[in-house]
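Structure assessment
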Amino acid sequence: MTERASPPVTIRELDAAGYEAAIPDLAALLVDAVDSGAGVNFLAGVTADETAPWWTERIDQVRNGVISAFVAIDDERIVGSTLLIRSRNPNSPHRAEIGKVLVHSSARRRGIATALMAAAEDRARADGRWMLMLDTVTGSAADAFYRSQGWVELGVMPNHALATDGTPTPTTFFWKDLR
Ligand SMILES: CC(C)(COP(=O)(O)OP(=O)(O)OC[C@H]1O[C@@H](n2cnc3c(N)ncnc32)[C@H](O)[C@@H]1OP(=O)(O)O)[C@@H](O)C(=O)NCCC(=O)NCCS
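What comes next is a walk through the structure. All values derive from a computational prediction rather than experimental measurement.

Quick look at a nonpolar patch on the surface
- The grouping of Met133, Val152, Leu154 and Trp175 at the surface amounts to a nonpolar patch, some 360 Å² of accessible area in total.
- Within the secondary structure layout, Leu154 lies in strand E7 (residues 152–162).
- On the accessibility criterion, Leu154 (63% relative accessible area) is exposed.

Quick look at the structure:
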């Protein structure tokens, strides 16, 4: 495991064993995000038993280096996550996607997502993955967060996903060139 102290929390990159051990906490973090109304794959009422497979299905990709997983730890508790997901296509060795930028609802606006994103971007840069992309619910807290971090809006797709209450909502796609 690689560790770096980054006030106000510790940001840690997980190896495959650490990632697997963290799945119950990551599953709970995803439920907390849905409970707070975030558009992160699931609908209202989802349980940790239902979100855990999302993480479990990616263990092999953490093991084989396609995914780098970062967590924020505060007082020995996982309060945030971010994934760097590398393109596997031969024509895009320079590209990666950012996913599951989650900060527990009790720990927001303390700079934790900023620290997680900095760790993921440092890792991407070090690996030559300078073209990054991500998407999020248009007008959400995350939309404001990404803009604050220098992400460039590519465009908005209407009705791209369902909000937690089942209503179709738009998604904004962003890119960031790290060079
Ligand atoms: C989006 C999210 C990750 C931000 O995490 P965070 O740790 O609170 O973010 P930070 O404290 O690093 O915020 C940095 C800056 O982003 C902007 N920002 C963050 N949250 C914001 C909000 N709710 N409204 C407006 N701007 C916001 C601000 O400019 C903020 O700086 P400031 O606090 O000095 O004003 C968090 O709200 C979250 O987990 N939301 C639910 C999950 C989600 O939607 N994730 C994205 C999936 S694509």
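From this point, the narrative continues.
Details of the site of the ligand
- In the vicinity of the ligand, 20 residues are found, and the nearest of them are Val101, Val103, Arg109, Gly111 and Thr114.
- Backbone polar atom of Val101 to a nitrogen atom of the ligand: 2.7 Å apart, as the coordinates give it.
- A distance of 2.8 Å is found between an oxygen atom of the ligand and a backbone nitrogen or oxygen belonging to Val103.
- The fraction of the free accessible surface of the ligand (920 Å²) that becomes covered by protein chains is 74%.
- Of all elements in the fold, only strand E5 (95–103), helix H4 (112–126), strand E6 (131–137) and helix H5 (141–148) reach the threshold of two or more residues within the shell around the ligand.
- Here the shell around the ligand takes 6 residues from H5, the largest share from any one element.
- Here the residues of the shell around the ligand sort into 12 nonpolar, 4 polar and 4 charged.

Calculation notes
- Every chain is numbered independently, its residues counted from 1 as its sequence is written.
- Reporting in this predicted model follows two pLDDT cut-offs: at least 70 for local features of residues, and 80 or more for side-chain atom pairs to be given and counted; totals over whole chains, interfaces and linings ignore these cut-offs and use all residues.
- Side-chain calculation: all heavy atoms of the structure are included, whereas hydrogens and water are not.
- Candidate patch residues must exceed 30% relative accessible area and have no salt bridge, after which like charges are joined if within 9 Å and Val, Leu, Ile, Met, Phe, Trp or Tyr side chains if within 5 Å.
- Only the protein chains shown count as cover for residues, with accessible areas throughout obtained via the Shrake-Rupley method and a probe of 1.4 Å.
- By salt bridge we mean one thing: a side-chain nitrogen of Lys or Arg within 4 Å of a carboxyl oxygen of Asp or Glu.
- Only DSSP runs of H or I with at least four residues qualify as helices, and only runs of E with at least two residues qualify as strands; both kinds are numbered from the N terminus onward.
- Three exposure classes are used, based on accessible area relative to the maximum for each residue type with a 1.4 Å probe and protein chains only: buried under 20%, partly exposed in between, and exposed over 50%.
- The cutoff for a nearby residue is simple: one of its non-hydrogen atoms must lie within 4 Å of the molecule or strand.
- Distance and chemistry together define a polar contact, namely a pair of N or O atoms within 3.5 Å, with one atom able to donate a hydrogen and the other to accept it when in protein, and with adjacent residues in sequence counting only for side-chain atoms on both sides.
- Each residue receives one of three labels: charged for Asp, Glu, Lys and Arg, nonpolar for Ala, Val, Leu, Ile, Met, Phe, Trp, Tyr, Cys and Pro, and polar for the others, Gly being one of them.

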